[in-house]
Amino acid sequence: MEVLNSTNFSNFTTINSNKEYMSSAYSQKEPVLYYNEADPKQAKKKKIFTLSLIGASVLTTGALAVGIFKHKNPQKTKEAFEKLFKKSSSAIKDFNFKEKFSNLFSNIINVKDDLWDRFSKKTAHTPLFFIDKIGDKITGVYKKSQKITHGNKFNEIVKELNKNNDFNLKDFDSWFDDINKYMRGNFQEKRITKGLFNKEFAKSMLGDNIADKQLGVDWIKEQYLSLDGLDSKTKKLAEEYNNIIGTLLPKLRDINCGSAPTDLLTIITAAGGLGTAALTAKDKEERKSIIVNLGIPLIGTLAGSTYCTMKSLSGTKGLIYGAIIGQVASIGAKIVDKCLLQSKDEVNKTNYNA
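Residues numbered from 1 in each chain as written. Predicted model: local features only at pLDDT ≥ 70, side-chain atom pairs only at ≥ 80, totals over all residues. Heavy atoms only, no water.

### Some words on the overall build of the protein
- Summing up its helical and strand segments, the protein has 14 helices and zero strands in all.
- Along the protein, helices (α) and strands (β) appear in the sequence α-α-α-α-α-α-α-α-α-α-α-α-α-α when read from the amino end.
- Out of the 354 residues in the protein, the part that is buried amounts to 27%.
- Contacts in the protein between residues far apart in sequence, at least 24 positions, make up 70% of those at least 6 positions apart.
- Counting only carbon and sulfur atoms, one obtains 60% of the accessible surface of the protein, whose full area is about 24,800 Å². (Helix = DSSP H or I, 4+ residues; strand = E, 2+ residues; numbered from the N terminus. Buried < 20%, exposed > 50% of the residue type's maximum accessible area, 1.4 Å probe, protein only. Contact = heavy atoms within 4.5 Å. Areas by Shrake-Rupley, 256 points an atom, 1.4 Å probe, with all protein chains shown as cover.)

Below, the structure is given as structure tokens:
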């Protein structure tokens, strides 16, 4: 047996880390890599790729700079910058973010509602006929809520406006029935989702409101009163009339696209999820926490949805208000849950001391 001495130890590689030990012990030709350590070859390729991108960026920037500063006259250079700025500002100004955002969410809601309505109509003569029946019932409730909310005010304004011989406006029930009949017939016959799913789908969703386009922009404009040539008192009444029309038309559009059944479906799904979570809780305390943290936001959402319906908040407005209600309810749930936990801790502490 060979005896180790100072000479033998001097032949060993200095071990400063586990990596060096593994490399020395197993005589690896390739360097030892840990699971979280980059492969040197891959790192080199990544470095080359990054440098290539930087180089391309520098060349592109340089080319642009040459194009801008090729004018020897400083005034022309200034004009080139001003022209570029004005063109960019104009493009940003023309792109109405608020309108695009509102149209996108309204389109998502209307498309979703129409797809469900198409499905429910196909169940009318099947064992699932109750889906369509329930949908019609809840839609009727939604429409009735609009009559209750706006009917009296609408009739008061119309009565005052009709005193002027230039106006011959219908009472609320007649106006409502005509508008509802036109919208319902239009959406049922043509369907806003018919032929929608093609290569232009994204463009259509980001464009103008699909349902409004189908109803007809000119038809929508005809529902409003012109304010031209009116005296101050009559103009104020006409503006109030137009405000009610501007609130009701989008809401009736959503209802006739099928918003009521999908709202009910959302509520049923959420309630079912809450019940399932509570039943599968491992103990009483967890069940109580689930009911508080999920139940309170759910109730808040239902209350918010009901309020949005009664106040005719449609599309993006309804979504924003619902999000606010849900957030407030969620914060309230956390506070309640925290109070319950503190109360439990105090009881446990008292029992322990006793």
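### Considering unusual backbone geometry
- Its identity is not glycine, yet Arg191 carries a phi of approximately 65 degrees, on the positive side.
- Following the sequence through the fold, Arg191 ends up in the loop between helix 7 (172–190) and helix 8 (201–206).

### Examining the pattern of salt bridges
- Counting across every chain of the model gives 13 salt bridges.
- Between Arg253 and Asp212 there is a salt bridge whose closest N-O contact spans 3.3 Å. One end of the pair, Arg253, is in helix 11 (residues 232–257); the other, Asp212, is in helix 9 (residues 210–215), with 41 residues separating them in the sequence.
- Judged by relative accessible area, which is 5%, Arg253 ranks as buried.
- When its relative accessible area of 23% is taken as the criterion, Asp212 is described as partly exposed. (Salt bridge = Lys/Arg side-chain N within 4 Å of Asp/Glu carboxyl O.)

### Re the environment of Gly275
- In this fold, Gly275 is placed in helix 12 (residues 259–279).
- It is 8.5 Å that separates the C-alpha atoms of Gly275 and Ile291, two residues lying 16 residues apart in sequence.

### Describing empty space enclosed by the protein
- In the structure shown here, the tally under the stated rule is one cavity of 30 Å³ or more.
- Taken as a whole, the largest cavity encloses approximately 60 Å³ of empty space.
- Lining the largest cavity are Asp117, Ser120, Lys121, Asp132, Gly135, Asp136, Thr139, Arg184, Ile255, Gly258 and Pro261.
- Listing elements by their share of the lining of the largest cavity, those giving two or more residues are helix 5 (97–122) and helix 6 (129–161).
- Here the residues of the lining of the largest cavity are counted per class, giving two nonpolar, four polar and five charged. (1 Å grid on protein atoms, 1.4 Å probe; cavity = no way out; pocket = protein on both sides within 12 Å on 5 of 7 lines; lining within 4 Å. Points joined across faces, edges and corners; volume = space filled by probe spheres on them. Nonpolar A, V, L, I, M, F, W, Y, C, P; charged D, E, K, R; others polar.)

### Some thoughts on the side chain of Asp254
- Along the polypeptide, Asp254 turns up in helix 11.
- With relative accessibility at 4%, the residue Asp254 sits in the buried group.
- Within the local environment of Asp254, its side chain forms a polar contact with the side chain of Asn110, the two groups lying 2.9 Å apart. (Polar contact = N/O pair within 3.5 Å; in protein donor to acceptor, adjacent residues only side chain to side chain.)

### Focus on the nonpolar core
- Residues Phe154, Leu161, Trp175, Met183, Tyr241 and Leu249 are the most contacted members of the largest nonpolar core, which totals 31 residues.
- Breaking this core down by element, the ones donating at least two residues are helix 6, helix 7, helix 9, helix 10 (217–222) and helix 11.
- Here the element with the most residues in this core is helix 11; it accounts for nine residues.
- With sequence-adjacent residues up to four places away left out, Tyr241 is seen in contact with Phe154, Ile157, Val158, Leu161, Leu169, Trp175, Gln223 and Leu225. (Core = buried A, V, L, I, M, F, W, Y, C linked by side-chain atoms within 4.5 Å.)

### With respect to the packing of aromatic side chains
- Applying the stated criterion to the full structure yields ten aromatic pairs.
- The interplanar angle of 35 degrees and the centroid separation of 6.1 Å between the aromatic rings of Phe172 and Trp175 together place this pair among those described as tilted. Of the two residues, Phe172 and Trp175 are both situated in helix 7; the distance of three residues between them amounts to about one turn of the helix.
- Judged by relative accessible area, Phe172 falls into the buried class, the value being 1%.
- Each ring, one from Phe172 and one from Phe176, has its centre 5.6 Å from the other, and the planes form 40 degrees; the classification is tilted. Of this pair, Phe172 and Phe176 both sit in helix 7, four residues apart, which is roughly one turn of that helix. Both residues of the pair, Phe172 and Phe176, count as buried. (Phe/Tyr/Trp six-rings, centres within 6.5 Å; stacked < 30°, edge-to-face > 60°.)

### Description of the side chain of Thr193
- Mapped onto the fold, Thr193 is located in the loop between helix 7 and helix 8.
- On the accessibility criterion, Thr193 (2% relative accessible area) is buried.
- There is a polar contact of 2.5 Å between the side chain of Thr193 and the side chain of Asp114.
- Apart from the residues lying within four places of it in its own chain, the contact partners of Thr193 are Val111, Asp114, Leu115 and Arg118.

### Concerning the packing of helix 6 against helix 11
- The contact between helix 6 and helix 11 brings their axes to 10 Å, and the two run at 165 degrees. Between helix 6 and helix 11, the interaxial angle falls into the category roughly antiparallel. Our pair here, helix 6 against helix 11, has a crossing hand that is left-handed. On helix 11, the residues that touch Thr139, Tyr142, Lys143, Gln146, His150, Lys153, Phe154, Ile157, Val158, Glu160 and Leu161 of helix 6 are Thr234, Leu237, Ala238, Glu240, Tyr241, Ile244, Ile245, Thr247, Leu248, Lys251, Ile255 and Asn256.
- In the contact of helix 6 with helix 11, the residues fall into twelve nonpolar, six polar and five charged. (Axes fitted to C-alpha atoms, helices over the stretch in contact; angles between N-to-C directions. Parallel < 35°, antiparallel > 145°, perpendicular 65-115°, else oblique. Left-handed = near helix turned anticlockwise from the far one by under 90°.)

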